[in-house]
Every structure is written in structure tokens, then in C-alpha cells.
Amino acid sequence: MTEKYQQALNDLLNGQVSELVIAPEEFNEFRKVWEQLPQRKEIVGSAQRNGTVIYHLSESV
């Protein structure tokens, strides 16, 4: 599962996708990968009412 999130984050940073949608049950596993990423401060998450978090690149990037 870790490889899935690494690839998704790389796709986001490379502009291949504009956002990542992370379901509540995926959050802990995703966070482990995100925390190891040197560019993590460039990736911003917006929490939704149902616990889903939508990540996108910061506007300042």
C-alpha cells in the first residue's frame, strides 16, 4: 500500500494529477508516506465533512 501512496504523491508533485482524495480509512497509511516526503509542506490538505481529505499543491508552489 505504501508504494501506491508514494506514486500518488509523485504524480501530484509532477503535475500528472491535480488532487488526491484520501478516505478516512486510508489516512493513517497515507500520512506515514506523506511525513517522509521532503516536499510535504508544498502539499496542502482540505478536510471534508465525511472525514475525507483532499490534498493539492500549495498555491505558492
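Residues numbered from 1 in each chain as written. Predicted model: local features only at pLDDT ≥ 70, side-chain atom pairs only at ≥ 80, totals over all residues. Heavy atoms only, no water.

### A closer look at the side chain of S58
- By the secondary structure assignment, S58 is in the segment after β3 (53-57).
- Given a relative accessible area of 19%, S58 falls into the buried group. (Helix = DSSP H or I, 4+ residues; strand = E, 2+ residues; numbered from the N terminus. Buried < 20%, exposed > 50% of the residue type's maximum accessible area, 1.4 Å probe, protein only.)

### Quick look at the packing of aromatic side chains
- On inspection of all chains with the given rule, the structure shows 2 aromatic pairs.
- Look at Y5 and F30: their rings are 5.7 Å apart centre to centre, the planes differ by 85°, and that puts the pair in the edge-to-face class. Separated by 25 residues along the polypeptide, Y5 in helix α1 (residues 2-13) and F30 in helix α2 (residues 27-35) bring together distant segments of the chain.
- Residue classification places F30 among the buried positions, given a relative accessible area of 0%.
- Ring centres of F30 and Y55 lie 4.8 Å apart, and the angle between their planes is 40°; this geometry places the pair in the tilted category. Linking F30 in helix α2 with Y55 in strand β3, this pair joins segments that are 25 residues apart in sequence.
- One aromatic cluster is present, formed by Y5, F30 and Y55 through successive ring pairs. (Phe/Tyr/Trp six-rings, centres within 6.5 Å; stacked < 30°, edge-to-face > 60°.)

### Considering the pattern of salt bridges
- A complete count under the given rule lists 3 salt bridges for this structure.
- Note that E26 and K4 form a salt bridge whose closest N and O atoms lie 3.2 Å from each other. In this pair, E26 sits in the loop between β1 (20-22) and α2 while K4 sits in helix α1, placing the two residues 22 residues apart along the sequence. (Salt bridge = Lys/Arg side-chain N within 4 Å of Asp/Glu carboxyl O.)

### Here we look at the nonpolar core
- Counting 13 residues, the largest nonpolar core has L9, L20, F30, I43 and Y55 as the members making the most contacts within it.
- Put simply, the parts of the chain that give this core at least two residues each are α1, β1, α2 and β3.
- Per-element accounting of this core gives the leading share, 4 residues, to α1.
- Apart from residues no more than four positions distant in its own chain, F30 is found in contact with Y5, L9, L20, I22 and Y55. (Core = buried A, V, L, I, M, F, W, Y, C linked by side-chain atoms within 4.5 Å. Contact = heavy atoms within 4.5 Å.)

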